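Commentary on secondary and tertiary structure
Listed below are the residues making up each chain.
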Amino acid sequence: VISKLFQRRLLVVAGKGGVGKTTVACALALEAARAGKRTVLAEVDGSGRAAALLGLDPVPIGEVRPVRPNLHVMAVDGKAALEEYLAIIIPIRRLLDAVFSSRIYQYFVAAAPGLKELMTIGKIWYEAERVDEATDARRWDLVILDAPATGHSVQYLRMPRAAHDAFGGGLVARETQRVIDLLTDHKQTAINLVTTAEEMPVNETIEMYRQLCGELRLPAGYLFVNRVHRVDFGDADVERLALALATTREADDRNVLEEIVRRGREECGWSAINARYRQRLAAEIDLPAVEIPYVFAEEFGVEQVREIAAGLVAVDVAPGAQRRAR
Ligand SMILES: Nc1ncnc2c1ncn2[C@@H]1O[C@H](COP(=O)(O)OP(=O)(O)O)[C@@H](O)[C@H]1O
Ligand SMILES: [Mg+2]
């Protein structure tokens with residue numbers, strides 16, 4: 001799978017809030033770096049969650065920080081990106097300061113719809129295309145974008161086209177066209193979807209998939225089905241234990257059995273829900289899918305992300321086929 005994904009240059013990781021986007025983006029970044037790709041993991045919501053999941057301190061906004069061999073982390077903020085961009089096109093410091101401190105500018109940034117989203121995507125594009133002056137070669141092999149929650153990430157992905165169409169010609173149209181060229185090129189870009197196999201996230205994922213194929217016309221990559229529960233026992237097994245519980249007198253034994261029965265029922269329940277929604281995903285979304293198991297941990301952190309990353313390399317899926325990580 002993943003090695004195929006790593007042949008592209010821009011991987012967007014999108015999905016509903018809380019399903020595991022940052023986790024998957026981090027796992028992909030670890031694997032890409034390990035595979036020798038010079039990788040940048042870009043986080044846009046400024047929460048510092050990606051850095052935290054990699055066991056790092058938060059990265060200052062705008063800075064591309066090396067964190068381990070081949071891996072860099074970057075925090076992107078629309079307003080900071082706009083200022084950086086303006087500094088490139090207005091090289092006179094005094095003039096630039098005047099612009100930034102003007103009330104009109106502050107008002108413009110706050111009020112212009114989609115401007116921050118546009119600048120964020122522009123900054124991602126800039127890093128993806130960035131060339132090292134000394135060697136004249138691309139600085140990064142791969143940029144992985146940990147996108148914000150679904151609705152918002154659609155706004156980000158839609159902005160370059162919207163801005164391009166709004167400005168008939170000139171600078172904005174030219175610049176946004178370059179961003180559109182990268183985003184829409186399936187050889188270079190993949191928009192990956194992350195979901196859990198539950199009703200609400202699945203509905204949102206199907207909706208986003210349709211938008212990718214329809215209005216947005218962007219190249220979809222993989223579907224990551226996260227936090228999947230699978231049990232190799234059934235309701236009948238659990239109910240047999242429940243029967244055994246009924247005839248157990250010893251208090252300690254009862255406590256243990258009770259807990260096992262409770263957890264067993266819960267796992268059976270999740271497993272059934274996940275199975276149902278995995279089917280729905282397979283029926284509605286024609287993308288190669290990778291399942292990531294639910295990883296039990298007292299505190300979810302870098303160890304769990306490493307485990308998930310290691311599972312990702314073990315699978316190789318053809319479009320339409322589904323495999324489990326691990
Ligand atoms: N495979 C998994 N197994 C168990 N828990 C997970 C798994 N993936 C993610 N989580 C949990 O879900 C939480 C949210 O994940 P995160 O990647 O931050 O979601 P998002 O970026 O989509 O909001 C994580 O902090 C972690 O506790
Ligand atoms: Mg996140």
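Quick look at the structure, then. Just so we're clear, the structure is a prediction, and the values are computed from it rather than from any experiment. (Residues numbered from 1 in each chain as written. Chains lettered and ligands numbered in written order. Predicted model: local features only at pLDDT ≥ 70, side-chain atom pairs only at ≥ 80, totals over all residues. Heavy atoms only, no water.)

**As for the site of ligand 1**
Residues in close proximity to ligand 1 total 17 residues, the closest being K21, T22, T23, R49 and V295. Here P293 contributes a backbone N or O atom positioned 3.1 Å from a nitrogen atom of ligand 1. Contacts to ligand 1 include V295, whose backbone N or O atom sits 2.7 Å from a nitrogen atom. Contact with the protein chains hides 82% of the accessible area of ligand 1, taken as 560 Å² for the molecule alone. Put simply, ligand 1 lies in the second largest pocket. When contributions to the shell around ligand 1 are tallied by element, the ones reaching two or more residues are α2 (21–34), β7 (220–228) and β8 (289–293). Top element by residues in the shell around ligand 1 is α2. It accounts for 3 residues. A class-by-class count of the residues in the shell around ligand 1 yields 7 nonpolar, 6 polar and 4 charged. (Near = heavy atom within 4 Å. Polar contact = N/O pair within 3.5 Å; in protein donor to acceptor, adjacent residues only side chain to side chain. Areas by Shrake-Rupley, 256 points an atom, 1.4 Å probe, with all protein chains shown as cover. 1 Å grid on protein atoms, 1.4 Å probe; cavity = no way out; pocket = protein on both sides within 12 Å on 5 of 7 lines; lining within 4 Å. Sits in = over half its atoms within 2 Å of the grid points. Helix = DSSP H or I, 4+ residues; strand = E, 2+ residues; numbered from the N terminus. Nonpolar A, V, L, I, M, F, W, Y, C, P; charged D, E, K, R; others polar.)

**Concerning unusual backbone geometry**
Although it is not a glycine, N70 adopts a positive phi angle of roughly 70 degrees. As for its position among the elements, N70 is in the loop between β3 (64–68) and β4 (71–75). The backbone phi angle of D136 is positive, close to 65 degrees, even though this residue is not glycine.

**Considerations on helix α13 (residues 302–313)**
Taking 1.5 Å per residue as the helical rise, α13 with its 12 residues ought to reach 16 Å, and the 17 Å between its terminal C-alpha atoms agrees with that figure. Those residues of α13 that fall on the buried side of the exposure criterion are Q304, V305, I308, A309, G311 and L312. On an axial view of α13, the arc spanned by its buried residues comes to 160 degrees, and they lie on one face. Packed against the buried residues of α13 are α1 (2–5), α2, α3 (49–53), β7 and β8. (Expected span 1.5 Å × (residues − 1). Buried < 20%, exposed > 50% of the residue type's maximum accessible area, 1.4 Å probe, protein only. Arc of directions from axis to C-beta. Contact = heavy atoms within 4.5 Å.)

**Some details on the pattern of salt bridges**
A complete count under the given rule lists 23 salt bridges for this structure. E127 is the partner of R130 in a salt bridge, and the nearest nitrogen-oxygen pair spans 2.8 Å. Its relative accessible area of 22% is what places R130 among the partly exposed residues. In this structure E127 comes out as buried when scored by relative accessible area, which is 0%. Notably, a salt bridge pairs R158 with E215, separated by 2.9 Å at the nearest N-O pair. Separated by 57 residues along the polypeptide, R158 in helix α8 (residues 150–166) and E215 in the loop between α10 (199–213) and β7 bring together distant segments of the chain. When its relative accessible area of 30% is taken as the criterion, R158 is described as partly exposed. Among the ionic contacts, a cluster of salt bridges with common partners joins E84, K123, E127 and R130. (Salt bridge = Lys/Arg side-chain N within 4 Å of Asp/Glu carboxyl O.)

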